[in-house]
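# Survey of secondary and tertiary structure
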Amino acid sequence: MGPDGIHPRVMRELADELAKPLSIIYQQSWLTGEVPDDWKLANATAIHKKGGREDPSNYRPVSLTSVPGKIMEQFILSVITQNLQDGQGIRPSQDGFKRRRSCLTNLTSFYDQMTRLVDAGRAVDVVYLDFSNAFDTVSHSTLLDKLAARGLDRSTLCWVRNWLDGRAQRVVVNGAASSWGQSPVVSLRGLYWGQFCSIFLLTTCIESFMSKFADDTKLGECVNLLEDRMALQRELDQLDGWAESNKMKFNKSMC
């Protein structure tokens, strides 16, 4: 549960009683484009990710927010998702955050394309790209501009803008909490927002085989001829330019 102390089990067991008052709150929030302040508060805590539990680097911080607020986020996300699907805002090369498009479909599809070239006796280069803290560094203003360009309705756009603004968080460890502090950067990781963030990531037209799973990208190209290799380099330069113009950085050690 988040800072409001409302446990998900409460929401589940009292769903019939809570449905009407919450629907009124949700509708008013959407119509006015204002997000309740309680929904903007987060408890930052650490969860064990891998390795020894005595090593702090083996933990990942997560933000626990209001459960009623997260339900509203799902409603807003459904509106954004429908808008992107209708306008083809998420390209076929993106497998992350899409129904029936998993890490497995991403790998098998790309593997099939590359092995077809290899079986035909063609030389193939594959480049693996990784963004540095992609969902933690997405430019909010650029993201909002892209959503507006996709024709997202005004109420939803205002709601998202307000949701990104004026957030605060505190650190909670073993029940002890720090004082509240303003959160200048909102991480879009794990907050239902990865799906519409995927329109932000590498929305660049290139000719090579490109396959994306969230922020991880594979770029494949037949390189039998010099002009093929030059074409691949131009596309890498194009992606680098895209990253710079969108205020993103590639994690070079992971590329």
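All values reported here derive from a predicted model rather than from experimental measurement.

On to the packing of aromatic side chains, then. Here a ring pair, both rings aromatic, is described through the centre-centre distance and the interplanar angle of the planes. In the structure shown here, the tally under the stated rule is four aromatic pairs. Here tyrosine 26 and tryptophan 39 contribute two aromatic rings whose centre-to-centre distance is 5.8 Å and whose plane-to-plane angle is 55°, an arrangement assigned as tilted. Residue tyrosine 26 is located in helix α2 (residues 15–32), and its partner tryptophan 39 is located in the loop between α2 and β1 (41–48); the two are separated by 13 residues in the primary sequence. Take tyrosine 26 and tryptophan 39: they sit in the same class, and that class is buried. Aromatic pair phenylalanine 131 and tryptophan 242: ring centres 6.0 Å apart, planes at 55°, arrangement tilted. With phenylalanine 131 in the loop between β3 (124–130) and α5 (134–137) and tryptophan 242 in helix α9 (residues 226–245), the pair connects residues that are 111 residues apart, well separated along the chain. Both residues of the pair, phenylalanine 131 and tryptophan 242, belong to the buried class. Chaining the aromatic ring pairs together yields one cluster made of Tyr26, Trp39 and Phe75. Across the ring face of phenylalanine 110, the terminal group of lysine 218 is positioned such that the distance to the ring centre comes to 5.6 Å.

Ordered in space as β3-β8-β7, the three strands form an open sheet in which the pairing is antiparallel. Only two strands of the sheet have a single neighbouring strand rather than two, namely β3 and β7 (209–213). The sheet shows a mean angle of 15° between the axes of neighbouring strands, direction not considered. Bridging between β7 and strand β8 (residues 216–222) involves five bridges; their strand directions are antiparallel.

Scanning all chains against the criterion turns up two salt bridges. Between aspartate 112 and arginine 116 there is a salt bridge, and its shortest N-O distance comes to 3.0 Å. Note that aspartate 112 and arginine 116 are positioned in helix α4 (residues 103–119) at a spacing of four residues, about one turn of the helix. Its relative accessible area of 34% is what places aspartate 112 among the partly exposed residues.

Owing to its 3.6 residues per turn, the α-helix aligns residues three or four sequence positions apart on the same side. Where helix α7 (residues 154–164) is concerned, the buried positions are Ser155, Thr156, Leu157, Trp159, Val160, Trp163 and Leu164. Residue aspartate 153 occupies the N-cap position of α7, its side-chain oxygen lying 3.3 Å from the main-chain nitrogen of serine 155. Count one or two residues on from α7 and you reach glycine 166, which has phi positive near 70°.

Summarising the model, the chain shows a mean pLDDT of 82, and 84% of its residues fall at 70 or more. Per-element mean pLDDT across the chain ranges from 51 in helix α8 (residues 194–197) up to 95 in α2.

On to the side chain of asparagine 106, then. Tracing the sequence through the fold places asparagine 106 in helix α4. Taking the relative accessible area as the measure of exposure, asparagine 106 reaches 2% and is therefore buried. Looking at asparagine 106, its side chain comes within polar contact range of the side chain of lysine 218, at 2.5 Å.

Inspection of the secondary structure assignment puts asparagine 246 in the segment after α9. Within the structure, the side chain of asparagine 246 is placed 2.9 Å from the backbone oxygen of tryptophan 242, a separation counted as a polar contact.

What follows covers helix α6 (residues 140–149). If you check which residues of α6 are buried, you get His140, Thr142, Leu143, Leu144, Lys146 and Leu147. Just downstream of α6, glycine 151 is the residue with a positive phi angle, here 85°.

The next point concerns the nonpolar core. Core analysis: the biggest nonpolar cluster contains 34 residues, and Ile80, Phe131, Trp159, Val160 and Met248 have the highest contact counts within it. Those elements giving two or more residues to this core turn out to be α2, α3 (67–86), β3, α5, α6, α7 and α9.

Procedures and definitions
Residues numbered from 1 in each chain as written. Predicted model: local features only at pLDDT ≥ 70, side-chain atom pairs only at ≥ 80, totals over all residues. Heavy atoms only, no water. Phe/Tyr/Trp six-rings, centres within 6.5 Å; stacked < 30°, edge-to-face > 60°. Helix = DSSP H or I, 4+ residues; strand = E, 2+ residues; numbered from the N terminus. Buried < 20%, exposed > 50% of the residue type's maximum accessible area, 1.4 Å probe, protein only. Lys NZ or Arg CZ within 6 Å of the ring centre and 35° of its normal. Pairing = 2+ DSSP bridges. Axes fitted to C-alpha atoms, helices over the stretch in contact; angles between N-to-C directions. Salt bridge = Lys/Arg side-chain N within 4 Å of Asp/Glu carboxyl O. Polar contact = N/O pair within 3.5 Å; in protein donor to acceptor, adjacent residues only side chain to side chain. pLDDT = per-residue confidence, 0-100. Core = buried A, V, L, I, M, F, W, Y, C linked by side-chain atoms within 4.5 Å.

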